[in-house]
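What follows is the residue order along each chain.
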Amino acid sequence: MYFKELYEEIKIWKRIRKIAIENREVLEKSNFRVDWVGRIYTVINLPDEMMDRPDLHEGWVFMQLRDYDSLFMDIGVGDYIF
C-alpha cells in the first residue's frame, strides 16, 4: 500500500515540476519563484499590526494567496496545490 501511494505522489510531483518549469516566466512575473526541484514559492510579509497576533498569521497569508488562484488554475496546477 505504501509503494502505491508513493508512486502516486511521485507522479503528481513530476507533473507539477514540469508545469512549474515550463511556466517559470509567468510565475516570476507574479513574484513566485521556482527552484530546481520544481517547488513554487514566494515570500509574503506580514504587516506590523499582525505581529502581535500569531493566531491570525496563517489565515492572513491564505487570504493573500487567494489573489493567485486564477494564476494557478491557468497554468494547470490549481487542482494539485489546493
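Data block above holds the structure.
As the structure is a computational prediction, the values presented were derived from the model and not from experiment.

(A) Just unusual backbone geometry, in detail. Phi is positive for N31, which is not a glycine, with a value near 70 degrees. Its place among the elements puts N31 in the loop between α2 (24–29) and β1 (33–34). Take N31: its relative accessible area is 55%, and that puts it in the exposed class.

(B) Up close: the environment of K14. Among the structural elements, K14 can be located in helix α1 (residues 2–22). When the C-alpha positions of K14 and V37 are compared, they lie 9.4 Å apart, and in sequence the two are 23 residues distant.

(C) Examining the packing of aromatic side chains more closely. Inspection of the entire model under this criterion finds three aromatic pairs. With a centroid separation of 4.8 Å and an interplanar angle of 85 degrees, the aromatic rings of F32 and Y68 are classed as edge-to-face. Of this pair, F32 sits in the loop between α2 and β1 while Y68 sits in the loop between α3 (57–65) and α4 (69–75), and the two are 36 residues apart along the sequence. Relative accessible area serves as the criterion here: at 4%, F32 is assigned to the buried category. Judged by relative accessible area, which is 24%, Y68 ranks as partly exposed. Plain terms: the ring middles of F32 and F72 are 5.2 Å apart, the flat faces sit at 70 degrees to each other, and that makes the pair edge-to-face.

(D) The pattern of salt bridges, seen in detail. Applying the stated rule across the entire model yields four salt bridges. Linking D35 and R39 is a salt bridge whose minimum nitrogen-to-oxygen distance equals 2.6 Å. For R66, the salt bridge goes to D69, with nearest N and O atoms at 2.8 Å. The exposure class assigned to R66 is exposed, which follows from its relative accessible area of 54%.

Cut-offs and rules
Residues numbered from 1 in each chain as written. Predicted model: local features only at pLDDT ≥ 70, side-chain atom pairs only at ≥ 80, totals over all residues. Heavy atoms only, no water. Helix = DSSP H or I, 4+ residues; strand = E, 2+ residues; numbered from the N terminus. Buried < 20%, exposed > 50% of the residue type's maximum accessible area, 1.4 Å probe, protein only. Phe/Tyr/Trp six-rings, centres within 6.5 Å; stacked < 30°, edge-to-face > 60°. Salt bridge = Lys/Arg side-chain N within 4 Å of Asp/Glu carboxyl O.

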